[in-house]
Amino acid sequence: MITRNKAMMRRRQKAVVYWIGFALFFATIGLSLCASNDPYTILGVHKRASMQDIRRAYKQLAKEWHPDKSKHPEAETKFVEIKQAYELLSDTDRRRAYDQYGITNEDAVLDRNRPDYSNYGRFQDPFEHFYGAHNFNFHDQDIGLYHRLSITTKYYETNIIPKSRLTPQILMFYADWCFACMKAANSFKKLIDTLEPYGVVFATVNAGHEEQLVRKVGVHSLPCVIMVLDGHNYVYKDSVFNAQHVVDFIRQKLPYKLLTPITDNTLDTFLGGWADNRVRALILEPRAQPRLRYLIIAYYFRERVAFGFVELNSKDTMNIQARFKAHSNLDTLLIFNEFPPQPIATVTMSDIPTTTLNNIIAHNKFLILPRLSSQDMLDSVCPAEWNRPRKRLCVVLVTENTSLHDGARTVMRKIALESLFNRERVRFAYIYQEKQNDFICALSKHNQSKDTLLQIVIFWRRDTKQIRYEWVHEVILEVDKALENNTQDQYFNYTKQKMDTVIHRLLRSSESLSYETEVKALLDEHAENAVMRILNRIFLAIEYTADNLGQEHILPAISVIGTIAFILIIGYLMSYLLHLEEEDIQLKKSKNAENSNGKSLGYVPELRLHELRAEKYNGLVRLLKPGCRTIVLLTDLQSRSKLIPSFHKAVWPYRKNKTLMFAHMLIEKGIGWYAELLRLSLSESREMKINPRNCIGTVIALNGHRKYFCMYHAKHPESNRGAKRMIKITRHLSSMPTDPEAGAFLGMDSSDSETSMSDTYEPKILLEENLLDGLPNWLDRLFEGTTHRYYINYWPDFTSK
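Within each chain, residues carry numbers counting from 1 in the order of the written sequence. It should be noted that, the model being predicted, local features are given only for residues of pLDDT at least 70 and side-chain atom pairs only at 80 or more, the latter also being counted only at that level, while totals for whole chains, interfaces and linings use all residues. Only heavy atoms go into the side-chain values, all of them from the structure, while hydrogens and water stay out.

It is not clear to me how the overall build of the protein chain should be interpreted in this structure. Could you clarify?
Counting secondary structure elements, the protein chain contains 28 helices and 20 strands. Any residue under 20% of the maximum accessible area for its type is buried, any over 50% is exposed, and the rest in between are partly exposed; the area is computed with a 1.4 Å probe on protein chains only. Each of the 801 residues in the protein chain was classed as buried or not, and the buried ones make up 41%. Note on contacts: a residue pair is in contact if any heavy atoms of the two residues lie within 4.5 Å. Intrachain contacts of the protein chain at a sequence separation of at least 6 include 72% that bridge at least 24 residues. A 1.4 Å probe and the Shrake-Rupley method give the accessible areas. Residues count as covered only by the protein chains that appear here. About 46,900 Å² of surface is accessible on the protein chain, with carbon and sulfur atoms providing 53% of the total. Helix and strand definitions here come from DSSP, where helices need a minimum of 4 consecutive H or I residues and strands a minimum of 2 consecutive E residues; each element is numbered from the N-terminal end.

What is the right way to look at the sheet that holds strand E4 (residues 232-236) in this model?
The pairing of strands in a sheet comes from backbone hydrogen bonds and takes either a parallel or an antiparallel form. Two strands pair if DSSP finds at least two bridges between them. Within the open sheet, the 4 strands sit side by side as E2-E1-E3-E4. Their pairing is mixed. Each edge of the open sheet carries a strand with a single partner, namely strand E2 (201-206) and E4. Going across the sheet, the axis of each strand differs from the next one's by a mean of 25 degrees, ignoring polarity. Only the contacting stretch of a helix is used when fitting its axis, a line to C-alpha atoms as for every element, and angles between N-to-C directions run 0 to 180 degrees.

Please clarify how the state of the cysteines should be interpreted in this entry.
Cysteine pairs can be linked by a disulfide, which is a covalent bond between their two sulfur atoms. The disulfide definition used here is simple: a pair of cysteine sulfur atoms within 2.5 Å. Evaluated as defined, the whole model comprises 1 disulfide. Put simply, cysteine 382 and cysteine 394 are joined by a disulfide, and their sulfur atoms are 1.9 Å apart. When the S-S torsion is -135 degrees, as for the bridge of cysteine 382 with cysteine 394, the disulfide is left-handed. Here cysteine 382 is found in the loop between helix H16 (375-381) and strand E10 (393-399), whereas its partner cysteine 394 is found in strand E10, with 12 residues between them in sequence.

Would you explain a nonpolar patch on the surface in this entry?
Patch definition: residues above 30% relative accessible area lacking any salt bridge, with like charges linked at up to 9 Å and the nonpolar side chains Val, Leu, Ile, Met, Phe, Trp and Tyr linked at up to 5 Å. We define a salt bridge as a contact between a side-chain nitrogen of Lys or Arg and a carboxyl oxygen of Asp or Glu at a distance within 4 Å. On the surface, a nonpolar cluster with roughly 1,000 Å² of combined accessible area is contributed by Phe566, Ile567, Ile569, Ile570, Tyr572, Leu573, Met574, Tyr576, Leu577 and Leu580. For leucine 577, the position within the fold is in helix H21 (residues 551-597). A residue is classified by how much of its surface remains accessible, and leucine 577, at 51% relative accessible area, is exposed.

Where do I start with the sheet that holds strand E5 (residues 259-261) in this structure?
Strand order in this open sheet of 5 strands is E5-E7-E6-E8-E9, and the pairing throughout is mixed. Of all strands in the sheet, those with a lone pairing partner are E5 and strand E9 (345-349), marking the two edges. Taken pair by pair, the neighbouring strands of this sheet meet at an average axis angle of 20 degrees, ignoring direction. Set on the sheet, helix H13 (residues 292-300) makes contact with E5, strand E6 (279-285), strand E7 (305-311) and strand E8 (331-336); between it and E5 the angle comes to about 115 degrees.

Take a look at the structure:
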């Protein structure tokens, strides 16, 4: 029995030892695996390391293990591990979950089905859901971040606005005693860590110190996030403040079609469009929507590079994938120049870093033979370098925008492609003479050939305005296509050798370019025309209105628009009904005319001129109704044919006035009536001697009911100097019977003697056709009631001679 118990004890001891060894074995393996996947170990930092230490370690390791810089066979795998470790530790929630539970999967952190008792008994903040925060800890709310990134209004105008034309600028408006701003600090910090590697720039503005900027950008409440893009401000109005919502907001506000969708059918058209002076870049991704980093890169280089997006694993892009041998699960960047069959640069990675994208595109953002199409292009291709010890030469071909010069540009492009000169020392380009005429004219002063077309000029920019240059002669760029290939090669070799000789000579420090001149800035050939600028401003205004129109503004705006629309509709209906009524009246008049005359006669207003004679005198003067007047022109037989047309033209606008009648009178027939009329208007009674010749061109307006008349004459004081002095001058002239011109304007007697008054008031010589030049103005004053009225006691009888 004892032996049996001892055997059982031995077996139990062996089993325990076996299981302990087995557990130690797996524990060792687990520890090694954990050590290999520990993000702190991968980055080489302590578990209590700050975010700055983690970011610094990540940048150093990323440079060391980047696949483009490291030749280690496992560089790509190591780089992915480093990036994943940084993403885990840079996220506060994921880092806390790893420290507490060892969880590295992001989905496990966001799993809502898993019970969480960490907030039990904690104060529940009613504003918590606005910013997506899960717990509120005052130690995590780094309010000092706002102060470190704070900017002023001047910095906004001098830095933020210009830089927003290249990269999105995110501004957080806060206040020192804003509880909601403190709540958003942690979310804003995570947003910076997420989007800053993509090129998005972040800054903060203290609303209490920069009130002018707050009003300018349209901040509605605090905290407020504003994105500045291409000089325009866009307000983020989403109630949830997290990275994904902000990413969607940036995507929505970026320009439309920064990445043109490319398929098998549109590939050749896209790659062959380099005539717009931009290189082509293809981004191939195994997803339907491009990443934000590619959109920001496309926005940054949009003036130099045209980007296209290819969705991998799609039926419409199978040929593209096979042609460029793109990996179906990796991102690929391809850059093309004037020779689209083969890309000049290629990058394939599971996640292409923003730094790599910037470096590759910046190094290949120009064509082999770019066009100097703007001042910015000139500054990029041929920068001013007065402070450099060595010259940078620009070899430029002068052409025109015509297909006839394609051959010369092709030869120049081939020379640039085969050139052995360093691109930092020699750059090749071409220019359109008709679009940059001022620039070419400044360089053509010392050109031996009168025509600068298809000529090559080499220049060096000392500063932004001064250029030293020299023309290259005896080069052959136009070669007849009918010649044999050997002959064409000979011409090409001769031209290339000639240019290489000149460039070698000018690159020497002892050599200098022959001439110097001052040039103006180049015109921007890609600038939008006036119509496009107006349309863009309209679209921006509509978008700005839509963004800033809240729910509290919708009903008042609809009310105002509805009121205006109602007024316009009522006005249109009233005008339409009035137009129908006028047409009805005209139709009735035409029918009455047809019934009375038997044919349709249109109503044409006419002007009837009566002749003032004895038989018509009572009807034109004495029997006039109250408010009616007769306007009479005095003529003689000689001036009748000249004065009546002018009088008719002057009174034509008043033909529709039913209170007016128009007449003319021969002074030879009515001289007696006219003399008696003037005598009755004077304050004294004396015999009137009238010279009929002085009376022609006189116009009198007769009011038969109220017994007064108004008078117009070319020499009447009222016509020349105004009605205020008319009575005084009339009395003065009437009291001087010896004055040869006294009373001439009234048709009174005159003599041939001269007095001193003739020297003071020297009369102007008037022709008969000019006597009625001032009549239209006098008629205006007549109907305004500002002309002088001559009252009489009765109307004299009209006696004809």
